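An overview of the molecular structure
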Amino acid sequence: LRQQVALKTFDRGACDEGRWKARVEGVSRLNAVLNHPQVALPREAGWWEGTPYLITDLAPQGSLATSLAERRFSLIAALRFVVQLAE
């Protein structure tokens, strides 16, 4: 589709292929109820040459975790942010 995606690979020893597939199926069922433009859901997950992988939409602006790690929030600002996420 000529669309940029993010590819994440996991440690080969993290789990075996059967366990990986079971986890991916479980997460897929949970993700089926999510529908939000700010949530990047997996497009594909699989096993390639002994390594588990996950493909998601690319977020060129970075992840929420990275963004939050780069700055400090006051208590009030942090609470407002949590309320916004919960909504």
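One can find the structure itself at the top, above this paragraph.
Residues numbered from 1 in each chain as written. Predicted model: local features only at pLDDT ≥ 70, side-chain atom pairs only at ≥ 80, totals over all residues. Heavy atoms only, no water.

**Observations regarding the side chain of Thr51**
What counts, and what does not: Only runs of H or I of at least four residues qualify as helices and only runs of E of at least two qualify as strands under DSSP, and these elements are numbered from the N terminus. Pairs of N or O atoms within 3.5 Å make up the polar contacts considered here, provided that, within protein, one atom can donate a hydrogen while the other can accept it, and that residues adjacent in sequence are counted only when both atoms are side-chain atoms. Whether two residues are in contact is decided by their heavy atoms: any pair within 4.5 Å suffices.
Position of Thr51 among the secondary structure elements: in strand β3 (residues 51-57). Here Arg12 takes part through its side chain, which lies 3.1 Å from a polar atom of the side chain of Thr51. Excluding residues within four positions of it along the chain, Thr51 makes contact with Thr9, Phe10, Arg12 and Gly46.

**Re helix α1 (residues 17-31)**
What counts is decided by this rule: Expected span of a helix: the number of residues minus one, times 1.5 Å.
Spanning 15 residues, α1 covers 21 Å between terminal C-alpha atoms, matching the ideal 21 Å at 1.5 Å per step. For α1, the capping residue at the N-terminal end is Asp16, with a side-chain oxygen 3.2 Å from the backbone nitrogen of Gly18.

**Some words on the sheet that holds strand β1 (residues 5-9)**
Note the threshold: Strand pairing requires that DSSP identify at least two bridges connecting the strands. Here the axes come from fitting lines to C-alpha atoms, over the contacting stretch only for helices, and the angles between their N-to-C directions go from 0 to 180 degrees.
Spatial ordering of the open sheet is given by β1-β3-β2, a layout of 3 strands whose pairing is antiparallel. Because the sheet does not close on itself, it has two edges, and the strands there are β1 and β2 (42-48). On average, adjacent strands in this sheet sit at an angle of 20° to one another, irrespective of strand direction. On top of the sheet, α1 reaches β2 and β3; it is set at about 175° to β2, its chief contact.

**What to know about the pairing of β2**
With 6 bridges connecting them, β2 and β3 associate as antiparallel partners. From the neighbouring strand, Ala45 faces β3, where its bridge partner is Leu54.

**Notes on the packing of aromatic side chains**
Condition: A pair of Phe, Tyr and Trp rings is counted when the ring centres sit within 6.5 Å of each other, with Trp represented by its six-membered ring. The angle between the planes then sorts it: under 30 degrees is stacked, over 60 is edge-to-face, the rest tilted. Only protein chains enter the calculation, and the probe is 1.4 Å; a residue is then buried if its accessible area is under 20% of its type maximum, exposed if over 50%, and partly exposed in between.
Using the criterion set out here, one finds 1 aromatic pair in the structure. An angle of 50° between the planes, with centres 5.1 Å apart, marks the rings of Phe10 and Trp20 as tilted. Residue Phe10 is located in the loop between β1 and α1, and its partner Trp20 is located in helix α1; the two are separated by 10 residues in the primary sequence. We classify Trp20 as buried; its relative accessible area is 10%.

**With respect to the pattern of salt bridges**
Inclusion rule: One side-chain nitrogen of Lys or Arg within 4 Å of one carboxyl oxygen of Asp or Glu is enough to make a salt bridge.
A complete count under the given rule lists 2 salt bridges for this structure. Of the charged contacts in the structure, one is a salt bridge between Asp57 and Arg43, with a shortest N-O distance of 2.4 Å. Placement of Asp57 in strand β3 and of Arg43 in strand β2 is noted, with a sequence separation of 14 residues between them. Overall, Asp57 belongs to the partly exposed group, its relative accessible area being 31%. On the basis of relative accessible area, Arg43 is assigned to the partly exposed category, the value being 43%.

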